[in-house]
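Understanding the architecture of this molecule
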Amino acid sequence: MADHKVHDLTPEEVSKGMAEGRYLLVDVREPNEVAAEAYPDAVVVPLSTFDPKAIPDPHGKEVVFACAASEAVTDRFPERQAAGLPYDKHLAGGILGWKAAGLPTKTGG
């Protein structure tokens, strides 16, 4: 598993990639967290019940994972990659980094 690497992307890179149709942002925070504040246009698949099959077909987009911090998602990347899933991108800084970059959020999930 040592050959699997997670690539941290800045909030600006993710936002731009989403706007250009290159990235599908998957928010793995829990429903109560998403209800308080969410990424616009992200797909929510909570980490507590995470199933890769719950991620919609990205239609050629690269999947980028987001959580409140960074460790919760990246800890599970080796299993995803070993299963043949091309999930190696992560939003660095999570929702706090997103907000610090001045990017918009929405309330109510």
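Everything in this summary refers to the structure shown in the same document. (Residues numbered from 1 in each chain as written. Predicted model: local features only at pLDDT ≥ 70, side-chain atom pairs only at ≥ 80, totals over all residues. Heavy atoms only, no water.)

Side note on the overall build of the protein chain
Secondary structure summary: the protein chain contains 5 helices and 5 strands in total. Listing the helices and strands of the protein chain from first to last along the sequence gives β-α-β-α-β-β-α-α-β-α. For the protein chain, the residues scored as buried account for 35% of the 109 residues in total. Within the structure as shown, the protein chain displays about 5,800 Å² of accessible surface, and the carbon and sulfur contribution to it stands at 54%. (Helix = DSSP H or I, 4+ residues; strand = E, 2+ residues; numbered from the N terminus. Buried < 20%, exposed > 50% of the residue type's maximum accessible area, 1.4 Å probe, protein only. Areas by Shrake-Rupley, 256 points an atom, 1.4 Å probe, with all protein chains shown as cover.)

Concerning the side chain of Asp27
Within the fold, Asp27 resides in strand E2 (residues 23–27). Within the structure, the side chain of Asp27 is placed 2.8 Å from the side chain of Arg29, a separation counted as a polar contact. (Polar contact = N/O pair within 3.5 Å; in protein donor to acceptor, adjacent residues only side chain to side chain.)

A look at the sheet that holds E2
The sheet built from 5 strands is open, its strands ordered E1-E5-E4-E2-E3 with parallel pairing. Here the strands that pair on one side only, and so sit at the sheet edges, are strand E1 (7–9) and strand E3 (43–44). Pairing analysis gives 5 bridges linking E2 to strand E4 (residues 62–66), with the strands arranged parallel. Bridge pairing links Asp27 to Ala66 in E4. Across the sheet, helix H1 (residues 11–19) touches E1, E2, E4 and strand E5 (89–91), and the angle it forms with E2 is around 120 degrees. (Pairing = 2+ DSSP bridges. Contact = heavy atoms within 4.5 Å. Axes fitted to C-alpha atoms, helices over the stretch in contact; angles between N-to-C directions.)

Regarding H1
For H1, the set of buried residues is Pro11, Val14, Gly17 and Met18. Each buried residue of H1 lies within a common arc of 135 degrees when the element is viewed along its axis, so the set occupies one face. Where H1 is buried, its residues contact E1, E2, E4, E5 and helix H5 (94–100). Just downstream of H1, Gly21 is the residue with a positive phi angle, here 80 degrees. (Arc of directions from axis to C-beta.)

Thoughts on the pairing of E4
Where burial is concerned, most of E4 is hidden: 4 out of the 5 residues are buried. Across 2 bridges, E4 lies against E5 in parallel orientation. In the strand pairing of E5, Phe65 is matched with His90.

Remarks on the nonpolar core
Judged by nonpolar contacts, Leu9, Val14, Met18, Tyr23, Leu25, Tyr39, Val64, Ala66, Leu91, Ile95, Trp98 and Leu103 together constitute the single largest core of 12 residues. Listed by contribution, the elements that provide at least two residues to this core are H1, E2, E4 and H5. When sequence neighbours within four positions are dropped, the list of residues in contact with Leu103 reads Pro11, Glu12, Ser15 and Trp98. Counting 11 residues, the second largest nonpolar core, distinct from the first, contains Leu24, Val45, Ile55 and Val63. (Core = buried A, V, L, I, M, F, W, Y, C linked by side-chain atoms within 4.5 Å.)

Quick look at the pattern of salt bridges
For side chains bearing opposite charge, pairing can occur when the charged atoms are close. Tallied over the full model, the rule gives 6 salt bridges. Of the charged contacts, one joins Arg29 and Asp27 as a salt bridge, the two residues approaching to 2.8 Å between their closest N and O atoms. The buried category is assigned to Asp27, whose relative accessible area is 1%. Salt bridges here are not isolated pairs; linked through shared partners, they connect Lys16, Glu20 and Arg22. (Salt bridge = Lys/Arg side-chain N within 4 Å of Asp/Glu carboxyl O.)

Just distances and angles here, no functional claims.
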